[in-house]
Amino acid sequence: MPIDEIWKALVNDQLVPYFQPIVDISSRKVIGAEALARWRHPALGVLSPIAFVPVMEERGMIRELTELILEKSLYACRDWLDHNHALNVSINLSAFLLADPQLTSYLEQKTRLAGLTPQDLTLEFSENALRPHWEAAIPQLAALRSKGFGVAVDEFGIGVDMLDKLDRQHFSAIKIDRAFVQGSARNSHLRAILQESLKHGQEQGLQTIAMGVEDAADLAVLSELGCQAVQGYICSPPLPGEGLMPWISDWEKG
């Protein structure tokens, strides 16, 4: 996508978060939602990040996108709270932001301005991206956790193994990659990997969330292995901000 069109999208408020619910397995209660960037293109409809994020990364515009999605997500979270839904909102951050010594204070300010607390926000960092930045990440992750922010390892298991680095001082959750979730009911190798990841997360006292759950048999395996929460099309696709509350109302009736 041409960079000038992406700039127009930024200026014209076309880049927005969609929210995919995160659901507790045992209670079926909606406990949070992950913000996922989308482009509401006037001619092409709703576009996924693949249409614009690579270009924004190449042009050094990811910080602008991150700040935009963060602010919109925090105010959405405030709106959920005002409608008696105390949901945590998760956003993806690039690991390079961990090099910014002002990151924690910046996020504190943003949550405060939205009328929220750090406990309302979870920051997701992909496992692959964290490993090469680990030395710089250690103090930043600890600072974020000490202030009460949630910190999750996203796409857990897909990259270089981080089992030796998981602890509650730096993380609050692991989000197990869909590659180890989808088909786990029929593949003993996937099930064994899934079981090991969940066991380690549980031993460290971390919340365990499975991503990309679409199949009832895989959901049953996750429940059997003690996974706490799921995110995926078995519950809901990503929804526009105005669609989340109606969806929760219907889900809770079901």
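Along every chain, residues carry numbers that run from 1 in the direction the sequence is written. Residues qualify for local features only when their pLDDT is at least 70, as the model is predicted, and side-chain atom pairs are given and counted only at 80 or more; totals for whole chains, interfaces and linings, by contrast, use all residues. Hydrogen atoms and water are omitted, and side-chain values are computed over all heavy atoms in the structure.

Draft legend 1. Focus on the overall build of the chain. Summing up its helical and strand segments, the chain has ten helices and ten strands in all. Here the C-alpha atoms of the chain give a radius of gyration of 18 Å, agreeing with the 18 Å that 2.2 N^0.38 yields for 254 residues. The 254 residues of the chain split such that 51% are buried. As presented, the chain carries roughly 11,700 Å² of accessible surface, and 51% of it is formed by carbon and sulfur atoms. In summary, the charge assignment counts Lys and Arg as positive and Asp and Glu as negative, without counting His or the chain termini. A single reference atom marks each charge: NZ on Lys, CZ on Arg, CG on Asp, CD on Glu. On the chain, the mean spot of the 22 positive side-chain charges and the mean spot of the 33 negative ones are 3 Å from each other. What counts as a helix is a DSSP run of H or I of at least four residues, what counts as a strand is a run of E of at least two, and both are numbered from the N terminus. Every radius of gyration here is taken over C-alpha atoms, with the globule rule written as 2.2 Å times N^0.38, N being the number of residues. Partly exposed describes any residue whose relative accessible area lies between the buried limit of under 20% and the exposed limit of over 50%, with all areas from a 1.4 Å probe on protein chains only and scaled to the type maximum. The method behind every accessible area is Shrake-Rupley, applied with a 1.4 Å probe, and residues are considered shielded solely by the protein chains displayed.

Draft legend 2. Region of the structure containing the side chain of D24. Mapping D24 onto the fold places it in strand β1 (residues 15-24). Residue contacts are defined here by distance: any two heavy atoms, one from each residue, within 4.5 Å place the two residues in contact. The residues touching D24, leaving out its near neighbours within four places in the chain, are K29, I31, Q228 and A229.

Draft legend 3. Layout of the packing of helix α3 (residues 62-82) against helix α4 (residues 103-113). Only the stretch in contact is used when a helix axis is fitted, and all axes are lines through C-alpha atoms; the angle between N-to-C directions ranges over 0 to 180 degrees. At a minimum axis separation of 9 Å, α3 and α4 run at an interaxial angle of 35°. Handedness of the α3/α4 crossing: right-handed. Seen from α3, the contacting residues are E67, L70, E71, L74 and Y75; seen from α4, they are Y106, L107, K110, T111 and L113. All residues other than Ala, Val, Leu, Ile, Met, Phe, Trp, Tyr, Cys, Pro, Asp, Glu, Lys and Arg, Gly among them, are scored as polar; the first ten of these are nonpolar and the last four charged. Looking at the contact of α3 with α4 residue by residue, the class counts come to six nonpolar, one polar and three charged. A crossing counts as left-handed when the near helix is turned anticlockwise from the far one by less than a right angle, and as right-handed when that turn is clockwise.

Draft legend 4. Examining α3 more closely. Relative to the 30 Å expected for 21 residues at 1.5 Å per residue, α3 spans 30 Å between its end C-alpha atoms, a close match to the ideal helical length. Along α3, the positions that sit buried rather than exposed are I62, L65, T66, I69, L70, S73, L74, A76, C77 and W80. The buried residues of α3 occupy an angular sector of 165° when projected down its axis, which confines them to one face. Of the residues trailing α3, N84 is marked for its positive phi of about 65°. What a helix is expected to span follows from its residue count: subtract one and scale by 1.5 Å. In this description, the arc belongs to the directions extending from the helix axis to the C-beta atoms.

Draft legend 5. Here's a closer look at the pattern of salt bridges. Put simply, a salt bridge is a Lys or Arg side-chain nitrogen that is within 4 Å of an Asp or Glu carboxyl oxygen. On inspection of all chains with the given rule, the structure shows nine salt bridges. With a shortest N-O distance of 3.8 Å, R63 and D100 are connected by a salt bridge. Within this pair, whereas R63 is found in helix α3, its partner D100 is found in the loop between β4 (88-92) and α4, the two being separated by 37 residues in sequence. The class for R63 is partly exposed, based on a relative accessible area of 34%. On the basis of relative accessible area, D100 is assigned to the partly exposed category, the value being 22%.

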